[in-house]
Amino acid sequence: MTYILKNLINIFTYPIRNTIRFSRPIKTIINEDKINIFSNEEEIKEEQRLINYYQMESFKNNSSLIHYKENLYSLKLLEDNLKNVSFNWDIERLKILDIGSKNFSYAISLNNFFSLFHPSYKTNRIIYLDGIEIDPYRIMVDLHSRYDYAMYYIKDLQNTKYITSNLLDFKENQYDIITWFLPFIVKEPLLNWGLPLKYFEPENMLKHAYNLLKSQGIILVVNQSEIEFKIQLQIIKGLGLNYIEIEKPYSNYFSPFKHERYITVVKKG
């Protein structure tokens, strides 16, 4: 299917679903057994450390297997890639924005990581977490929308919001930290996810995100392929932003994904 045809379909379908806003609340998600999902002793040890440190035991006992692995993966990714970043981790209150949150399935890992992480000791800070998604009413195979899942995943998280908006239309008080998993920096993924090409504005999106940061704030950007990573770096450099490049592709024990990730941290000031 050509870009032109995909774009025409998306131009037609995207506004329809965001006008109808079809939603069916999710009452519960059946827990799946987590016994023997990891066989390597080192993996098991690291799983237990993450669960204990980030207080994820209740989540472990009330989650699907893929949801569980995704959040372990996210915790490990955040810890591995932020532990050596210069940031004032002594702040007692952090305001976090996650861009392109989809169904916000990893909200609990963001919340618990930023609540408890400190390079030198365990803390217990107050977190204000916002997730923003431009296409929240896209319907999944089970006839629930991303919005339905997001509402379920954040129902027990204090000070957490799921914002249904285009980032470029979003005006808010500044954030300490922004996370951005798999931004659209080439056209094909954006079209495949159902968005019209008029929303393909990678430079403007990053510039706007940067303007939402407080001084000394950071943006953690996670790209899916080396090609996208190189394009991302070109955009960052073109905007004249300070950044830390993690050169090697990133993966960890718990990845439920096919592709490795490439990570960059942008810092303001």
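Everything below is about the structure shown above.
Heads up: these notes are all about the structure in this document. Since the structure is predicted, the reported quantities are computational estimates derived from the model, not experimental observations.

What to know about the overall build of the protein
Logical step 1: A count of helical and extended segments in the protein gives nine helices and seven strands.
Logical step 2: Per-residue burial over the protein gives 51% buried out of 269 residues.
Logical step 3: For the protein, the accessible surface area stands at approximately 13,700 Å², while carbon and sulfur atoms represent 52% of it.
Logical step 4: Distance between charge centres in the protein, computed from 33 positive and 31 negative side chains, equals 4 Å.

With respect to the packing of helix α2 (residues 41–53) against helix α4 (residues 65–82)
Logical step 1: At a minimum axis distance of 11 Å, the contact between α2 and α4 shows a crossing angle of 80 degrees. What the angle tells us is that α2 and α4 run roughly perpendicular. Taken together, the residues of α4 that come into contact with α2 (itself represented by E46, E47, R49, L50 and I51) are Y68, L72, L75, K76 and E79.
Logical step 2: Of the residues assigned to the contact of α2 with α4, the class counts are five nonpolar, no polar and five charged.

What to know about the environment of I20
Logical step 1: Relative to the helices and strands, I20 is located in helix α1 (residues 3–20).
Logical step 2: Placed 179 residues apart in sequence, I20 and Y199 show a C-alpha to C-alpha distance of 20 Å.

Comments concerning a nonpolar patch on the surface
Logical step 1: A cluster of nonpolar side chains, F12, I16, I20, F22, I139 and L143, forms an exposed patch at the surface whose accessible area comes to about 580 Å².
Logical step 2: Judged by relative accessible area, which is 58%, I20 ranks as exposed.

Some points on unusual backbone geometry
Logical step 1: Unlike most non-glycine residues, K102 shows phi in positive territory, near 55 degrees.
Logical step 2: Within the secondary structure, K102 sits in the loop between β1 (93–99) and α5 (107–116).
Logical step 3: Backbone geometry places L182, a non-glycine residue, at a positive phi of 60 degrees.
Logical step 4: Here L182 shows up in the loop between β4 (175–181) and α7 (187–192).

Considerations on the pattern of salt bridges
It is possible for side chains of opposite charge to pair when their charged atoms get near one another.
Logical step 1: Applying the stated criterion to the full structure yields ten salt bridges.
Logical step 2: With its nearest N and O atoms 2.9 Å apart, the salt bridge here joins E46 to K76. Here E46, found in helix α2, pairs with K76, found in helix α4; they are 30 residues apart in sequence, far enough to count as distant. We note that E46, like K76, is buried.
Logical step 3: With a closest N to O distance of 3.3 Å, E133 and R146 form a salt bridge. Taken as a pair, E133 in strand β2 (residues 126–133) and R146 in helix α6 (residues 146–153) lie far apart in primary sequence, 13 residues in all. For the pair formed by E133 and R146, the shared burial category is buried.
Logical step 4: If you follow the salt bridges from partner to partner, you end up with E46, R49, K76, E79 and D80 in one network.

Digging into the pairing of β4
Logical step 1: In terms of burial, β4 is largely enclosed, as seven of its seven residues are buried.
Logical step 2: By the bridge criterion, four bridges tie β1 to β4 in an arrangement that is parallel. Across the sheet, residue I99 finds its bridge partner in β4, namely W180.
Logical step 3: Pairing of β4 with strand β5 (residues 213–223) involves six bridges; the strand directions are parallel. Counted as the bridge partner of I177 is I218 from β5.

Quick notes on α2
Logical step 1: Under the 1.5 Å per step criterion, the end-to-end length of α2 is 18 Å for 13 residues, consistent within 8% with the ideal 18 Å.
Logical step 2: For α2, the set of buried residues is E43, E46, E47, L50 and I51. One side of α2 holds all its buried residues, which, seen down the axis, span an arc of 135 degrees. Among the exposed residues of α2, those pointing more than 90 degrees away from its buried face are E41, E42 and K45.
Logical step 3: Where α2 begins, one side-chain oxygen reaches toward the backbone nitrogen of E42, 2.7 Å away; that side chain belongs to N40.
Logical step 4: With its phi angle positive at about 55 degrees, Q55 sits one or two positions after the end of α2.

Conventions we followed
Residues numbered from 1 in each chain as written. Predicted model: local features only at pLDDT ≥ 70, side-chain atom pairs only at ≥ 80, totals over all residues. Heavy atoms only, no water. Helix = DSSP H or I, 4+ residues; strand = E, 2+ residues; numbered from the N terminus. Buried < 20%, exposed > 50% of the residue type's maximum accessible area, 1.4 Å probe, protein only. Areas by Shrake-Rupley, 256 points an atom, 1.4 Å probe, with all protein chains shown as cover. Lys, Arg positive; Asp, Glu negative; His and termini not counted. Charge placed at Lys NZ, Arg CZ, Asp CG, Glu CD. Axes fitted to C-alpha atoms, helices over the stretch in contact; angles between N-to-C directions. Parallel < 35°, antiparallel > 145°, perpendicular 65-115°, else oblique. Contact = heavy atoms within 4.5 Å. Nonpolar A, V, L, I, M, F, W, Y, C, P; charged D, E, K, R; others polar. Patch = residues over 30% accessible without salt bridge, like charges linked within 9 Å, V, L, I, M, F, W, Y side chains within 5 Å. Salt bridge = Lys/Arg side-chain N within 4 Å of Asp/Glu carboxyl O. Pairing = 2+ DSSP bridges. Expected span 1.5 Å × (residues − 1). Arc of directions from axis to C-beta. Polar contact = N/O pair within 3.5 Å; in protein donor to acceptor, adjacent residues only side chain to side chain.

Such coordinate-based values are descriptive only and should not be taken to indicate function.
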